[in-house]
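Close look at the chain arrangement
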Amino acid sequence: MNIDYQDCNIFETDYIFRIQTFENYLGIPISSQEHYANYKAGLIPNIFYGHNLEEVLELFRKEFREVKSGLEKYEMDNNNDFPMLKSYVNTERDLRKILDESQLQVYTGLLERSFDNQKLDQNAAAVSRFFLSTPILKSYIFQIEKIFGKGILD
């Protein structure tokens, strides 16, 4: 990936796009935490449909609840997007703890390829909208801690 994710403008563009994607998802009639969890897991079934599927689905359900709650409170909370950012980062961090070593290795490789090919491959584009590759995850952590302080995500 030849993008400087430490650049604040790229970071802001990326997370705003993620939030808008989630808002668009909420606009479809079948949106629910269960559908969201299954949709997200179904984007990469060869990795997530394993022995730890229930933990993965519960993590995605939690992300749905947190991001939806963040959106609902956004304007009342002085346009505070931190709860949504925290959910995206912590979901990704927790997911990497749930996956076993072989799943994690395949997952990180797939994310790198998906981000590189998102303009050419529809599935890669969907993966890129719902998951954070390692460079992007590190950038999110860097930018959030730069703005809100070290340790704020823990």
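Structure: see above.
So, here's what we can say about the structure. Just so you know, these numbers come straight off a predicted model, no measurement behind them. (Residues numbered from 1 in each chain as written. Predicted model: local features only at pLDDT ≥ 70, side-chain atom pairs only at ≥ 80, totals over all residues. Heavy atoms only, no water.)

Below, the discussion takes up the overall build of the protein. From N to C terminus, the protein includes 8 helices and 0 strands. Listing the helices and strands of the protein from first to last along the sequence gives α-α-α-α-α-α-α-α. C-alpha atoms of the protein, sized along the principal axes, occupy 40 × 35 × 30 Å. Taking all 154 residues of the protein together, 42% fall into the buried category. (Helix = DSSP H or I, 4+ residues; strand = E, 2+ residues; numbered from the N terminus. Buried < 20%, exposed > 50% of the residue type's maximum accessible area, 1.4 Å probe, protein only.)

As for its placement among the helices and strands, E55 is situated in helix α4 (residues 53-73). Given a relative accessible area of 48%, E55 falls into the partly exposed group. Counting along the chain gives 40 residues from E55 to L95, while the straight-line C-alpha distance between them is 8.8 Å.

Summed over the entire model, instances satisfying the criterion amount to 14 aromatic pairs. An aromatic cluster is present here, built from F22, Y25, Y36, Y39, F64 and F130 joined pairwise through their rings. The aromatic ring of F131 is capped on one face by K40, whose charged end is 4.9 Å from the ring centroid. (Phe/Tyr/Trp six-rings, centres within 6.5 Å; stacked < 30°, edge-to-face > 60°. Lys NZ or Arg CZ within 6 Å of the ring centre and 35° of its normal.)

This brings us to the nonpolar core. In this structure, I44, F48, F60, L95, Y107, F131 and Y140 are the most contacted members of the largest nonpolar core, which totals 41 residues. Elements with a minimum of two residues in this core: α1 (8-26), α2 (33-42), α3 (45-48), α4, α5 (82-98), α6 (101-117), α7 (122-130) and α8 (134-148). (Core = buried A, V, L, I, M, F, W, Y, C linked by side-chain atoms within 4.5 Å.)

Another aspect to go through is α4. For α4, which comprises 21 residues, the first-to-last C-alpha distance of 30 Å matches the rise-based estimate of 30 Å (1.5 Å per residue) to within 8%. If you check which residues of α4 are buried, you get V56, L57, L59, F60, R61, E63, F64, V67, G70 and L71. (Expected span 1.5 Å × (residues − 1).)

To continue, consider the side chain of R96. The residue R96 is located in helix α5 in this model. A residue is classified by how much of its surface remains accessible, and R96, at 15% relative accessible area, is buried. Not counting the four nearest positions on each side in its chain, R96 is found in contact with L104, Y107, T108, L111, L132, S133, T134 and L137. (Contact = heavy atoms within 4.5 Å.)

With that settled, consider unusual backbone geometry. We note that N78 has phi near 60°; this positive angle belongs to a residue other than glycine. Tracing the backbone shows N78 in the loop between α4 and α5. Judged by its relative accessible area of 69%, N78 is exposed. Even without glycine at this site, N79 takes up a positive phi of about 55°. Structurally, N79 is set in the loop between α4 and α5.

This paragraph deals with the pattern of salt bridges. Taken as a whole and judged by the stated rule, the model has 11 salt bridges. Residue R61 pairs with E34 through a salt bridge whose shortest N-O separation is 2.8 Å. With R61 in helix α4 and E34 in helix α2, this residue pair connects regions lying 27 residues apart in the sequence. Look at R61 and you get buried, because its relative accessible area is 9%. (Salt bridge = Lys/Arg side-chain N within 4 Å of Asp/Glu carboxyl O.)

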